[in-house]
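So the chains spell out like this:
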Amino acid sequence: MALPHILKDFNLFGDGNNWQGMIPELTLPELARRMVEYEGGGMDGPIEVDHGNELQTFEWTPGGMIAEVFRSYGSPIHDATMLRFEGSYESDETGGIIPVTIVMRGRHKTIGMGDASKGDNNQMSITTTLTYFKLTVDGEEVMERDVPGYIFTVYGVDRLAERRRALGL
């Protein structure tokens, strides 16, 4: 029998701040490609043509108030904030730990102040749009995506290298 590695714990760091114990919930960024349907003469039907990555967002929920998130809000700089997710995935079968790190840069699109009630947790909700994303699993770089830098690597394969050369970049 095989059991999956389960996320047993995580931490989020933001712009150098350690938010240990302050983030009860987050939604990791979705990886999605922008596909456009194409059908040309002599084809028996359409295919989808890959036009690059979709916009990535990171949604996270601080418990209570974290005032530091407002420092970069409204910044004109596309990568004004840096967030780092550190996760510990553990096997209940072997006890083995797989560390996962996701480094993200972008800017906060929304900061929901949440409901306010006396003595309650009063959670915020934040959506950060990403221009940089790097996923490392057990010390191995799985993916790096730098939108303005025109970089997209998957397991060390630079998928945009030939395009950069063709463009003289």
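I will try to describe carefully the structure that is included in this document. Worth saying up front: this structure is predicted, and the values here are computed from it rather than measured. Here the residue numbers are simple positions, counted from 1 along each chain's written sequence. Local features in this predicted model are restricted to residues whose pLDDT is 70 or higher, and side-chain atom pairs enter the listing and the counts only when it is 80 or higher, whereas totals over whole chains, interfaces and linings include all residues. Side-chain descriptors were evaluated using all non-hydrogen atoms of the structure, hydrogens and water having been removed beforehand.

Quick look at the overall build of the protein now. Counting secondary structure elements, the protein contains 1 helix and 12 strands. Only DSSP runs of H or I covering at least 4 residues are called helices, and only runs of E covering at least 2 are called strands; the numbering of each starts at the N terminus. What you see in the protein, going N to C, is helices and strands ordered as β-β-β-β-β-β-β-β-β-β-β-β-α. Each radius of gyration reported is based on C-alpha atoms, and the globular scaling rule is 2.2 Å times the count of residues to the power 0.38. In terms of overall size, the protein is more extended than a compact globule, its C-alpha atoms giving a radius of gyration of 19 Å where 169 residues would be expected to give roughly 15 Å. The buried label applies to any residue whose accessible area, calculated with a 1.4 Å probe on protein chains only, is under 20% of its type's maximum; exposed applies above 50%, and partly exposed to all values in between. Within the protein, the fraction of its 169 residues that count as buried is 34%. The contacts of the protein with a sequence gap of at least 6 include a subset with a gap of at least 24, amounting to 57%. In short, Shrake-Rupley with a 1.4 Å probe defines the accessible areas, and a residue's cover is counted only from the protein chains shown. Here the protein displays about 10500 Å² of accessible surface, and carbon together with sulfur accounts for 51% of that area. Only four residue types enter the tally: Lys and Arg on the positive side, Asp and Glu on the negative side, with His and both chain ends excluded. The atom standing in for a charge is NZ when the residue is Lys, CZ when it is Arg, CG when it is Asp and CD when it is Glu. Separation of charge centres in the protein, based on 15 positive and 26 negative side chains, amounts to 8 Å. Whether two residues are in contact is decided by their heavy atoms, any of which lying within 4.5 Å being enough.

This part covers a nonpolar patch on the surface. There is a patch of nonpolar side chains on the surface, built from Met65, Phe70, Tyr73 and Met113 and spanning about 420 Å² of accessible area. Within the element layout of this structure, Met113 appears in the loop between strand 8 (97–112) and strand 9 (125–137). Here a patch means residues that are over 30% exposed by relative accessible area and free of salt bridges, tied together within 9 Å if like-charged and within 5 Å if nonpolar (Val, Leu, Ile, Met, Phe, Trp, Tyr). In the sections that follow, a salt bridge refers to a side-chain nitrogen of Lys or Arg positioned within 4 Å of a carboxyl oxygen of Asp or Glu.

Turning next to the pairing of strand 8. Inspection of the sheet shows strand 7 (residues 81–91) paired to strand 8 by 10 bridges, in the antiparallel sense. When the sheet's bridge partners are listed, Glu90 is paired in strand 8 with Ile97. Strands qualify as paired when DSSP identifies two bridges or more between them. Between strand 7 and strand 8, which follow one another and run antiparallel, lie 5 residues, and Gly95 among them has a positive phi close to 85°.

Definition used in this section: a nonpolar core is a set of buried Ala, Val, Leu, Ile, Met, Phe, Trp, Tyr and Cys residues joined via side-chain atoms within 4.5 Å. Counting residues in each nonpolar core, the largest one holds 25 residues, and the members touching the most others are Leu12, Trp19, Phe58, Trp60, Val69, Phe85 and Met104. Residue assignment for this core shows that the elements contributing at least two residues are strand 6 (56–61), strand 7, strand 8, strand 9, strand 10 (140–146) and strand 11 (151–154). Excluding residues within four positions of it along the chain, Trp19 makes contact with Asn11, Leu12, Phe13, Gly14, Trp60, Ile66, Glu68, Val69 and Leu83.

Both strand 10 and strand 11 contribute to a ladder of 4 bridges, which runs antiparallel. Bridged to Arg145 within strand 11 is Phe152. In this structure, the hairpin formed by strand 10 and strand 11 is closed by a connection of 4 residues, where Tyr150 is found at a positive phi of approximately 60°. Relative to strand 12 (residues 157–158), strand 11 is paired through 2 bridges, and the arrangement is antiparallel. For Thr153, the partnering residue across the bridge sits in strand 12 and is Asp158.

On the surface, Glu37, Glu39, Asp44 and Glu48 cluster together to form a negatively charged patch. With respect to the helices and strands, the residue Glu37 is situated in strand 4 (residues 33–38). Note on Glu37: relative accessible area 62%, which makes it exposed.

The criterion for an aromatic pair is that two Phe, Tyr or Trp rings (for Trp, the six-membered ring) have centres within 6.5 Å, with stacked assigned to planes under 30 degrees apart, edge-to-face to planes over 60 apart and tilted to the rest. One pass over the structure, following the stated rule, counts 3 aromatic pairs. On the basis of an interplanar angle of 20° and a centroid distance of 5.3 Å, the ring pair of Trp19 and Trp60 is categorised as stacked. Of this pair, Trp19 sits in the loop between strand 2 (17–18) and strand 3 (25–27) while Trp60 sits in strand 6, and the two are 41 residues apart along the sequence. The same class applies to Trp19 as to Trp60, namely buried.

Let's shift gears to the side chain of Thr129. Relative to the assigned elements, Thr129 resides in strand 9. Look past the residues within four positions of Thr129 in its chain and what remains in contact with it is Leu55, Gln56, Thr57, Arg105, Gly106, Arg107 and Lys109.

The analysis is restricted to geometry; functional conclusions fall outside its scope.
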